[in-house]
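Observations on chain architecture
Here is how the chains run, residue by residue.
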Amino acid sequence: MFPSAKSILEQTEDRPWTLPKRPWVMTQSWYKLLFAHWRVAPSVIAALMPDGLELDTFDGAAWIGIVPFTMRNVHPRGTLNVPGLSTFPELNVRTYVKRDGKAGVWFLSLDAANLLAVTVARGLFHLPYYHAEMESIMQTDWVRYRSQRDHADAAFEACYRPTSPVFRAEAGSLDAWLTERYCLYCADARGGLFRCDVHHRPWALQHAEANISVNSMVQAFDLPDEPPILHYSEQIDVLTWYLERVKD
């Protein structure tokens, strides 16, 4: 069950800027989520950034994240969950950017098992969504996750689970830098740049382990030959605002 929006909006101490004055428009819950992050040289992905965005780095390094999870409670404000539409697996490939002092997420790709969600997100939010055949199931205490994009060699298969008690990321730490992001950026076909604010309570993180057996999600460049930094979160409930233009 999704908590009250009021209870989410009352917790703002971790936000680096104030809540938007405009009304929020959508709810989402991100369930059984894995953050898998690889350190990369900024030059590897700087060329992928659109004009108007600056690549965000931590200690001189850029980061690429692959984030499998299940979407729940996806519906516009004032409506209810719709069986078959409000819950579906999703897989994000992301890096980190900033604009006007607001650090956020830039998605290299997003895969989802819901064709309607893919169509709406592409049309209204200018996000690079793709439809994929996906599965996320529990196997004892492991999440077994599989994604295969339609008509493309973009696949991911992994088993993952948490390995530590829940903790809050310390302010200024890499854990916080990788996870505590309160907006995303996107661009339309004409080069217009937009920001989409989100809000949620602080992440309840756990350290994690993962066996990644297939990963062809970032073929444009090679990931480093080193283990990713892994975090797990059981669920976080999110309010989303509509896009705000930041550059024509």
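If you're wondering where the values come from, they're calculated on a predicted model, not measured in any experiment.

Moving on, we get to the packing of aromatic side chains. Taken as a whole, this structure holds 8 aromatic pairs when the rule is applied. Seen from their ring centres, Trp30 and Phe69 are 6.2 Å apart, and the 55° between their planes marks the pair as tilted. Note that Trp30 is positioned in strand β1 (residues 26-40) and Phe69 in strand β3 (residues 62-76), a separation of 39 residues in sequence. Given the relative accessible area of 16%, Trp30 is considered buried. A ring pair is formed by Phe35 and Trp203, whose centres lie 5.1 Å apart and whose planes are at 70°; its orientation type is edge-to-face.

Once that is clear, we can look at the environment of Leu115. Note on placement: Leu115 falls in helix α3 (residues 115-125). We classify Leu115 as exposed; its relative accessible area is 53%. In the structure, Leu115 is positioned 17 residues away from Ala132 in sequence and 8.5 Å away in space, judged by C-alpha atoms.

On to α3. Turning to α3, its buried residues are Val118, Ala121 and Phe125. In a view along the axis of α3, the buried residues occupy a sector of 90°, so they form one face of it. Contacts from the buried residues of α3 go to β5 (102-112), β6 (129-139), β9 (183-187) and β10 (193-200). In the segment just after α3, His126 is the residue with positive phi, at about 55°.

Let us look at the nonpolar core. Counting 38 residues, the largest nonpolar core has Trp30, Trp63, Leu127 and Tyr129 as its most contacted members. Of all the elements, β3 adds the most residues to this core, at 5 residues. Setting aside anything within four residues of it in sequence, one finds Trp30 in contact with Phe69, Thr70, Met71, Trp203, Glu234, Gln235, Ile236 and Val238. The next biggest cluster of nonpolar side chains, apart from the first, holds 35 residues, and it includes Met134, Tyr160, Tyr182 and Tyr185.

To continue, consider a nonpolar patch on the surface. Together, Val25, Val82, Leu85, Leu116, Val120, Leu124 and Tyr242 line one region of the surface with nonpolar side chains, adding up to about 530 Å² of accessible area. With respect to the helices, strands and loops of the structure, Leu85 is situated in the loop between β3 and β4 (88-99). On the basis of relative accessibility, which here comes to 35%, the residue Leu85 falls in the partly exposed class.

This next bit is on the pattern of salt bridges. Applying the stated criterion across every chain yields a total of 13 salt bridges. Between Arg168 and Asp14 there is a salt bridge, and its shortest N-O distance comes to 3.1 Å. Note that Arg168 is positioned in the loop between β8 (155-162) and α4 (174-179) and Asp14 in the loop between α1 (5-9) and β1, a separation of 154 residues in sequence. Classification of Asp14 by relative accessible area gives partly exposed; the value is 31%. For the salt bridge of Glu209 with Arg161, the shortest nitrogen-to-oxygen distance reads 2.6 Å. Of this pair, Glu209 sits in strand β11 (residues 206-215) while Arg161 is found in strand β8, placing the two residues 48 residues apart along the sequence. Accessibility expressed as a relative area gives 30% for Glu209, which makes it partly exposed. Its relative accessible area of 23% is what places Arg161 among the partly exposed residues.

Let us now look at the environment of Phe194. Relative to the helices and strands, Phe194 resides in strand β10. Given the relative accessible area of 8%, Phe194 is considered buried. Residues Phe194 and Thr70, 124 residues apart in the sequence, show an inter-C-alpha distance of 25 Å. In contact with Phe194, not counting residues within four places along its chain, are His126, Leu184, Tyr185, Cys186, Asp188, Leu243, Glu244, Arg245 and Val246.

It is worth spelling out the pairing of β5 at this point. Most of β5 is tucked away: 8 of the 11 residues are buried. The pairing of β4 with β5 spans 10 bridges and is antiparallel. Paired with Lys98 across the strands is Ala103, a residue of β5. As consecutive antiparallel partners, β4 and β5 are separated by 2 residues, and within that stretch Asp100 has a phi angle of approximately 55°, a positive value. In the sheet, β5 pairs with β9 via 2 bridges, with the strands oriented parallel. Within the sheet, the bridge partner assigned to Trp106 lies in β9 and is Tyr185. Of the strand pairs in this sheet, β5 and β6 are connected by 3 bridges, and their pairing is parallel. For Ala112, the partnering residue across the bridge sits in β6 and is His131.

Cut-offs and rules
- Residues numbered from 1 in each chain as written.
- Predicted model: local features only at pLDDT ≥ 70, side-chain atom pairs only at ≥ 80, totals over all residues.
- Heavy atoms only, no water.
- Phe/Tyr/Trp six-rings, centres within 6.5 Å; stacked < 30°, edge-to-face > 60°.
- Helix = DSSP H or I, 4+ residues; strand = E, 2+ residues; numbered from the N terminus.
- Buried < 20%, exposed > 50% of the residue type's maximum accessible area, 1.4 Å probe, protein only.
- Arc of directions from axis to C-beta.
- Contact = heavy atoms within 4.5 Å.
- Core = buried A, V, L, I, M, F, W, Y, C linked by side-chain atoms within 4.5 Å.
- Patch = residues over 30% accessible without salt bridge, like charges linked within 9 Å, V, L, I, M, F, W, Y side chains within 5 Å.
- Areas by Shrake-Rupley, 256 points an atom, 1.4 Å probe, with all protein chains shown as cover.
- Salt bridge = Lys/Arg side-chain N within 4 Å of Asp/Glu carboxyl O.
- Pairing = 2+ DSSP bridges.

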